[in-house]
Amino acid sequence: MSTTAASHNSRFPLLSALVIALLVAALNVALWWYGNLPRGPNDWHGEISGFSLSVFQRYQSPFKQDYPNDSQIAADLKLLHKYTGKVRTYTMQQNPQIYRLARNEGLKVTAGAEIDKRLENNEREIEALIAKAREYPDTITRVIVGNEVLFRNDLPPEQMMAYLDRVRAAVRQPVSIAEPDYIWLKYPELAEHVDFITIHLFPFWNGIPVVANVLDPRQRPAALNAALGSYDHVQQLFPTKHIVVGEIGWPSNGDRHIRADPSISNQAIFIREWLLAAQQRNIDYFLLEAFDQPWKEGLGEGRTGAYWGMFNADRQLKYPLTGPVTEDTGWPWKALAASLLALIPMILFARRFSRFKLMGRLFFCALIQLACGLIVWSATLPFNFYLSWVDWTMLTLLFPAQLAILAILLINGFEFTEVLWRRNWMRHGSMLTPDPPEKQPFVSIHLACYNEPPEMVIVTLDSLAALDYQNYEVLVIDNNTKNPDVWKPVQDYCEKLGKRFRFFHLEPWPGFKAGALNFGLKETDPQADVVAVIDADYEVRADWLATLTGHFHDPKVAVVQCPQAHREFEHNTFRRMTAWEYDGFFRIGMHHRNERNAIIQHGTMTMVRRTALEGTGGWSEWTICEDAELGLRLMHAGYDLVYVDELMGKGLTPADFKAYKSQRYRWAFGAMQILKGRWRWMVKKGPLSSGQRFHFLTGWFSWFADALHLIFTLMALFWTAGMIAYPQYFSLPMQLFLIPVIGFFFAKAIFGIVLYRARVPCSWYDTLMASLASMSLSHAIARGILHGLTREKTSFVVTAKSRRLGESGFAAFAPVREEMLMALALTGCVIGMALNYGTHYIEGTLWMFILGAQSIPYFSAVIGAWIAHKAGDKAG
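What you see is a predicted model, and the numbers here were worked out from it, not measured in a lab. In this convention, every chain numbers its residues from 1, walking through the sequence in written order. Whole-chain, interface and lining totals are the exception, using all residues; otherwise, since this is a predicted model, local features are given only for residues with pLDDT of at least 70 and side-chain atom pairs are given and counted only at 80 or more. Hydrogens and water are ignored here; the side-chain numbers use all heavy atoms of the structure.

> Could you clarify how one ought to interpret the overall build of the protein chain in this entry?
Of the regular secondary structure elements, the protein chain holds 29 helices and 18 strands. We compute the radius of gyration from the C-alpha atoms alone; for a globule the expected value is 2.2 Å times N to the 0.38, where N is the number of residues. The C-alpha radius of gyration of the protein chain comes to 37 Å, more than 25% above the 29 Å expected for a compact globule of 876 residues. For the protein chain, the spread of C-alpha atoms along the three principal axes comes to 120 × 65 × 45 Å. Burial classes follow relative accessibility: with a 1.4 Å probe on protein chains only, a residue under 20% of its type's maximum area counts as buried, one over 50% as exposed, and anything between as partly exposed. Split into buried and exposed, the 876 residues of the protein chain put 56% on the buried side. Only heavy atoms matter for contacts: two residues are in contact if any of them lie within 4.5 Å across the pair. In the protein chain, once contacts between residues fewer than 6 apart in sequence are set aside, the share between residues at least 24 apart is 78%. Strands are runs of DSSP state E lasting at least two residues, helices are runs of H or I lasting at least four, and both sets are numbered from the N terminus onward.

> I keep staring at the sheet that holds strand 16 (residues 606–609) and nothing clicks. Help me out?
Neighbouring strands of a sheet are bound in pairs by backbone hydrogen bonds; such pairs are parallel or else antiparallel. With mixed pairing, the 7 strands of this open sheet are ordered in space as 11-10-9-12-16-14-17. The open sheet is flanked by strand 11 (501–506) and strand 17 (640–643), the only strands paired with a single partner. When the angles between neighbouring strand axes are averaged without regard to direction, this sheet yields 20 degrees. As paired strands, strand 9 (residues 443–449) and strand 12 (residues 530–534) are joined by 5 bridges and run parallel to one another. Residue pairing in the sheet places Leu447 in a bridge with Ile534 of strand 12. Two strands pair under a simple rule: DSSP has to find at least two bridges between them. Axis angles are defined between N-to-C directions and span 0 to 180 degrees, where every axis is a line fitted to C-alpha atoms and, for a helix, only to the segment in contact.

> How should the pairing of strand 11 be read in this particular structure?
Side-chain direction in a regular strand flips from residue to residue, so the side chains alternate between the two faces of the sheet. In the sheet, strand 10 (residues 472–479) pairs with strand 11 via 6 bridges, with the strands oriented parallel. Directly across from Asp478, in strand 11, lies its bridge partner His505. Each parallel crossover has a hand, and the one from strand 10 via helix 15 (residues 484–497) to strand 11 is right-handed. Assignment of crossover handedness uses the view with strands pointing away from the viewer, where a clockwise path from the first strand over the helix to the second indicates a right-handed crossover.

> How should I be thinking about the nonpolar core in this particular structure?
Grouped burial of nonpolar side chains is what soluble globular proteins tend to show. Judged by nonpolar contacts, the single largest core of 84 residues is most densely connected at Trp274 and Leu287. Broken down by element, the residue count for this core peaks at 8 residues, all from helix 10 (residues 264–281). When residues no more than four places from it in sequence are discounted, the contact partners of Leu287 are Ile48, Gly50, Phe51, Ser52, Ile248, Ile271, Trp274, Leu275 and Met310. To qualify as a nonpolar core, a set must consist of buried Ala, Val, Leu, Ile, Met, Phe, Trp, Tyr and Cys residues joined through side-chain atoms within 4.5 Å.

> Which parts of the structure should I look at to understand the pairing of strand 12?
Counting buried positions over the 5 residues of strand 12 gives 5, a clear majority of the element. The alternating pattern of strand 12 places Val530, Ala532 and Ile534 on one face and Val531 and Val533 on the opposite face, and all of these are buried.

> Teacher, can you tell me more about unusual backbone geometry here?
Most peptide bonds take the trans form, and the phi angle of most residues other than glycine is negative. With an omega dihedral of -5 degrees, the bond running from Leu288 to Glu289 counts as a cis peptide bond. Following Glu507, the chain continues to Pro508 via a peptide bond in cis, the omega torsion being -10 degrees. Structurally, the position occupied by Pro508 is in the loop between strand 11 and helix 16 (512–523). Notably, Asn153 is not glycine yet its phi reads approximately 60 degrees, a positive angle. As for its placement among the helices and strands, Asn153 is situated in the loop between helix 6 (149–152) and helix 7 (157–170). When its relative accessible area of 60% is taken as the criterion, Asn153 is described as exposed. Residue Asn480 is not a glycine yet carries a positive backbone phi of 70 degrees.

> How should I be thinking about the pattern of salt bridges in this particular structure?
When charged atoms on two side chains of opposite charge get close, those side chains can pair. By definition, a salt bridge exists where a carboxyl oxygen of Asp or Glu is found within 4 Å of a side-chain nitrogen of Lys or Arg. With the rule as written, the count across this model stands at 36 salt bridges. A salt bridge links Asp583 to Arg587; the nearest nitrogen and oxygen atoms lie 3.9 Å apart. One end of the pair is Asp583 and the other is Arg587, both in helix 18 (residues 573–594) and 4 residues apart, which spans about a single turn. Arg587 shares its class with Asp583; the two are buried. With a shortest N-O distance of 2.7 Å, Arg678 and Glu629 are connected by a salt bridge. With Arg678 in the loop between helix 21 (657–677) and helix 22 (679–683) and Glu629 in helix 20 (residues 626–636), the pair connects residues that are 49 residues apart, well separated along the chain. The same class applies to Arg678 as to Glu629, namely buried.

> Even after reading the chapter, I still don't get the state of the cysteines, so can you show me in this structure?
Every disulfide links exactly two cysteines, by a covalent bond between their sulfur atoms. The disulfide definition used here is simple: a pair of cysteine sulfur atoms within 2.5 Å. Per the stated rule, a full pass over the model turns up 0 disulfides. Here Cys494 is not cross-linked by a disulfide; its sulfur's nearest cysteine counterpart is in Cys449, at 8.4 Å. The exposure class assigned to Cys494 is buried, which follows from its relative accessible area of 1%.

> For this particular structure, what's the right way to read a nonpolar patch on the surface?
The patches reported here contain residues having more than 30% relative accessible area and no salt bridge. Joining distances are 9 Å for like charges and 5 Å for nonpolar side chains (Val, Leu, Ile, Met, Phe, Trp, Tyr). For the area figures, the Shrake-Rupley method with a 1.4 Å probe applies, and any residue is considered shielded solely by the protein chains shown. A cluster of nonpolar side chains, contributed by Phe746, Ile750, Val754 and Phe849, occupies part of the molecular surface with about 340 Å² of accessible area. A per-element tally of the nonpolar patch places helix 25 (residues 735–759) first, with 3 residues. Mapped onto the fold, Val754 is located in helix 25. Accessibility expressed as a relative area gives 32% for Val754, which makes it partly exposed.

> Would you explain the environment of Lys241 in this entry?
Relative to the elements of secondary structure, Lys241 occurs in the loop between helix 9 (222–237) and strand 7 (242–248). Using a relative accessible area of 23% as the deciding quantity, one classes Lys241 as partly exposed. Residues Lys241 and Tyr841 lie 600 residues apart in sequence; the distance between their C-alpha atoms is 37 Å. Once residues lying within four places of it in the same chain are set aside, the contact partners of Lys241 are Ala191, Val194, Asp195 and Ile197.

> How do you make sense of the side chain of Arg693 when you look at a structure like this?
Turning to its location among the elements, Arg693 is positioned in helix 23 (residues 690–698). Asp640 provides the closest opposite charge to the buried, unpaired Arg693, separated from it by 14 Å. Dropping the residues within four chain positions of it, Arg693 is found in contact with Trp681, Met682, Val683, Lys684, Lys685, Gly686 and Leu688. Asp and Glu are treated as the negative residues and Lys and Arg as the positive ones, with His and the ends of the chain left uncounted.

> For this particular structure, what's the right way to read the packing of helix 11 (residues 331–352) against helix 12 (residues 358–380)?
If you want to describe how two helices pack, look at the angle between their axes and the distance between the axes. Their axes nearest at 8 Å, the elements helix 11 and helix 12 cross at an angle of 145 degrees. In terms of crossing hand, the pair formed by helix 11 and helix 12 is right-handed. Contact with helix 11, carried on its side by Trp333, Lys334, Ala337, Ala338, Ser339, Leu341, Ala342, Pro345, Met346, Phe349 and Ala350, involves Arg361, Phe364, Cys365, Ile368, Gln369, Cys372, Gly373, Ile375, Val376 and Thr380 of helix 12 and no other residues of that element. Tallied by class, the residues present in the contact of helix 11 with helix 12 amount to 15 nonpolar, 4 polar and 2 charged. Handedness of each helix crossing follows the sense of rotation of the near helix against the far helix: counterclockwise by less than a right angle gives left-handed, clockwise gives right-handed. Note on residue classes: Ala, Val, Leu, Ile, Met, Phe, Trp, Tyr, Cys and Pro are nonpolar, Asp, Glu, Lys and Arg are charged, and everything else, Gly too, is polar.

> Sorry if this is basic, but what is going on with the sheet that holds strand 15 (residues 565–566) here?
A sheet is described by the order of its strands in space; here 3 strands give the open sequence 13-18-15, paired in mixed fashion. Of all the strands in the sheet, just strand 13 (539–540) and strand 15 have a single pairing partner and so form its edges. Here strand 15 runs beside strand 18 (residues 649–651); their pairing, made up of 2 bridges, is parallel. Directly across from His566, in strand 18, lies its bridge partner Gly651.

> Please clarify how the packing of helix 3 (residues 70–80) against helix 4 (residues 98–105) should be interpreted in this entry.
The interhelical angle for the contact between helix 3 and helix 4, taken along N-to-C directions, is 45 degrees, at an axis separation of 10 Å. For the element pair helix 3 / helix 4, the angle class is oblique. The two elements helix 3 and helix 4 cross, and the hand of that crossing is right-handed. Contacts from Asp70, Ile73, Ala74, Leu77 and Lys78 of helix 3 reach helix 4 at Ile98, Arg100, Leu101, Ala102 and Glu105. Split by residue class, the contact of helix 3 with helix 4 holds 6 nonpolar, no polar and 4 charged. For classification purposes, an angle smaller than 35 degrees is called roughly parallel, one larger than 145 roughly antiparallel, one from 65 to 115 roughly perpendicular, and anything else oblique.

All we've got here are geometric facts, nothing functional implied.
Next comes the structure, spelled out in structure tokens:
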């Protein structure tokens, strides 16, 4: 973007914001329009040969013994008479009044007897069929004994032939049995026992698409060709028999089957093309079916079984028989609702962040619009289905989870946008020219340690002794280390370094690290202006204090924070991947938060104004993340925190996966302690700015996503087991839930990798390994979040920086037992889904993909633990 354009935007932020928002909103409407372009099958003006008929109303079901009354059936027959003169029924015992009402309406009926494995019921059906055929000889013009009995393998062919012969001898009407076309090819002897042949043609269940090439609308529908081909084959085999197509149709909704896609437009195209072809070839047929039957959902056909009607369950025609067909006739108001829902947030964002480059503002406005479009789509899509109260209950529970996913996506997208498309950082801390000794603030450096290897602590002390700074002291506070062989060498070394170094051994001492630091605060030299804190494994640069303490000349500055960086990791695969994983937050997230004076203070490489620290109550001992809590408390007191992205000190990464995982669990648990303890600060207007409240409320949303991931995984395992063991009760999840989850997975992965490549100075290999390390912590973070929300306290586990000796290969996986079990369970679910569902349903394929994606963090943890073990062996 040119300097002139940027200047224009800064002068007219509201105008440019309005233009951007309207542009994105218009694009949203255009996409809805494109997705619902009218499709133009040829018009149909004639009479339909016949309908297969089930007259249950929307909320009725034979399973509930809830049947339609005479007036409801009469209304259905009257409606159908506008389109056809014939209907086909399937049972004689349910709704027997239909034949009387059909006679009154002037409709001809092909009556069917329901035949299955229940032999006594078969007798009742046949007797009723014969009786009704004799009672209504002018209304019942044909009879069908059994529907797909041989297809279901309910009875042997010989039994069905005996039934057919019996009925033929008892009635004057022509008699047949209805079966799929291939059954007639398999049992051609059936033809000798019928007066006409009734075949069912379903290219949908053969996985054939309506049109083979969607890019060529002139191409004849593939599904129609398949149906006509099957019809011709049967006709050639039985040239002397009249052929009736007892069922043919296409579903308007439900589960995709191989390449066959259920939709209103596909149903309209197939049906209208069939009507024209059947008229041209004088084919006798019944469309399946007249009305949608919600009670059929789950009867061996998945969700699709409910949506074969030309009319919906409310008796409304789904599509016109002439003119173009629109898939979703309600798309204009949905598109408008999505645009209006997003318009004000887009304007506010584009105006508030006019300092972003144009591409950044367009990108995030598009993300807002996408989120609002998904909300509208998710809220309206369920009304396209016939859902039970169980379905609606699940929707009510899962819809907030979808909103949470979209919120996390927008939060991550905001960071992505600011980091990539800012013109410059508004708040940028840097190294300063060192003060002369007489102007240097006096710094008291506090080093708290517990059971740390003395040789490691001594390296840290040597680096502190080499500081190029005059006015400082070092307090080493060892708390609760029981073994004198561990803490006494450190004490002796402090004495060698001189009076500037003071050593304290506290045993027993409460409060974990915060308790030790509070003790150190009481022992601090009275002339100290600044308290600096580092971990026991850090080597600091000689100019650390000299180039940064000048920031404290500004009385509003309470904290100067440097990145948490690492050393000695280059030749150790595990330490290397974790080092780069840590680096991502300090190169990306800290800068993003620093723009609004909302950084996370860390307990190492940090300096705090002493009066601010003491004036706000010292280090909090009620949380195991006392450093982050202090930073928030200082912001609440009105102070500024300065972030200087300069590697002024480097420590050691966790020694093994157990330590790495334990540390992140502690951070997640402590974050929830802070969230609960300081909740009022974050949700009520007060000293904290809106930007600070935003970051401290939403900054942990990615960790909340890990907790949701764990909950969703457990639910998915349960549901998948149900689908495999009890498919009659557990159906495939709707695309409504699957598509946003998959989109979120890809978006989060893309955001993370792109930001790493833009901000972190590492190779592609290191980027991918850092991603592996990050994902491996998901379960630990989830447990930390859930425990932190439900518990008050947990133990403070010091992060081990030195290798544990004598660990076997099997023991290396001990820290990831839960992750290993989850990975195996998810793998078992994918295999079970593949064996039971295959790839016949798009929802099944998507569900397997989601199960596989859910397993990635768990497999990452197992791989991470193994890498740590092997890397430790090499180091040893």
